[in-house]
Amino acid sequence: MIKLISNRFSISIGLIFCLLSFELYAETNAHAMHTSKPAIVVTSAWAGESPPTMPMNAGYFTLANHSQKAIELVAASSPAYGSVEIHQSQLIDGIASMRMLKSLTIGSHQQVVFESGGLHLMMHNPMTKMSAGDTFVVQLKFAGGETVDFQMQVSKVNKLKDGASSSPSGHHHHHHEM
């Protein structure tokens with residue numbers, strides 16, 4: 001009789017252990033599935049090659065928000081530059097102007113393109129001369145405390161017929177959340 005109770009007790013403990021292990025496994029997999037696609041992604045990041053005496057440069061990329069809520073970009077920085085600002089260029093009544101933005105909101109499941117003649121990062125006081133093919137780190141900071149670090153590649157700027165600039169597409173990218 002005691003052996004039967006002992007076996008039932010062992011089987012019960014074994015079943016409880018299996019159920020707890022399965023629950024932990026399921027929670028871990030659900031978390032992994034939930035975090036497998038980053039909420040904030042940067043692609044096609046590049047900056048033009050500039051003369052060594054130029055005290056500033058512009059950075060371009062595509063910023064995608066894959067989350068269920070709007071995000072607010074509040075700052076940018078890079079160890080390769082003394083300061084980095086978010087800028088908007090625009091043409092009003094035939095007059096080109098540029099202004100610094102304190103923040104930029106990107107809607108849920110939206111993307112914003114930082115490009116010549118529009119949004120861009122204005123990067124001041126380069127720490128060293130960079131040539132086509134070089135890369136440097138840029139960090140974007142968001143209102144919720146998230147950061148995204150990515151590599152920006154220096155590229156030769158191609159002039160188009162209308163005078164606009166373009167660069168090679170699809171430069172490498174990296175993202176993460178903190």
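Participant: Honestly, the overall build of the protein chain in this entry has me stumped. Any pointers?
Facilitator: When helices and strands are tallied, the protein chain shows one helix and twelve strands. Put simply, the protein chain runs from its N terminus to its C terminus through helices and strands in the order α-β-β-β-β-β-β-β-β-β-β-β-β. In the protein chain, buried positions account for 33% of the 178 residues. Considering only contacts in the protein chain between residues 6 or more positions apart, those separated by 24 or more positions represent 67%.

Participant: I keep staring at the packing of aromatic side chains and nothing clicks. Help me out?
Facilitator: The geometry of two aromatic rings is summed up by the distance between their centres and the angle between their planes. Summed over all chains, the structure comprises four aromatic pairs. Ring centres of F61 and F114 lie 4.2 Å apart, and the angle between their planes is 15°; on these two criteria the pair is classed as stacked. Remark: F114 occurs in strand β7 (residues 110-114) and F61 occurs in strand β2 (residues 56-65); sequence separation between them is 53 residues. Each member of the pair, F61 as well as F114, carries the same accessibility label: buried. Both rings, one in F61 and one in F150, keep their centres 5.3 Å apart while their planes meet at 50°; by these two values the pair is tilted. Pair noted here: F61 is in strand β2 and F150 is in strand β10 (residues 147-155), with a separation of 89 residues, a long-range link. The exposure classification of F61 matches that of F150, with both residues buried. Grouping aromatic residues by their ring pairs yields a cluster made of F61, F114 and F150.

Participant: Honestly, the environment of S67 in this entry has me stumped. Any pointers?
Facilitator: Tracing the sequence through the fold places S67 in the loop between β2 and β3 (71-77). C-alpha of S67 to C-alpha of Q110: the two residues are 43 residues apart in sequence and 9.0 Å apart in space. Excluding anything up to four places from it in sequence, S67 contacts A39, S108 and H109. One polar contact links S67 to N65, side chain to side chain, over a distance of 2.6 Å. Within polar-contact distance, the side chain of S67 engages the backbone oxygen of K69 at 2.7 Å.

Calculation notes
- Residues numbered from 1 in each chain as written.
- Predicted model: local features only at pLDDT ≥ 70, side-chain atom pairs only at ≥ 80, totals over all residues.
- Heavy atoms only, no water.
- Helix = DSSP H or I, 4+ residues; strand = E, 2+ residues; numbered from the N terminus.
- Buried < 20%, exposed > 50% of the residue type's maximum accessible area, 1.4 Å probe, protein only.
- Contact = heavy atoms within 4.5 Å.
- Phe/Tyr/Trp six-rings, centres within 6.5 Å; stacked < 30°, edge-to-face > 60°.
- Polar contact = N/O pair within 3.5 Å; in protein donor to acceptor, adjacent residues only side chain to side chain.

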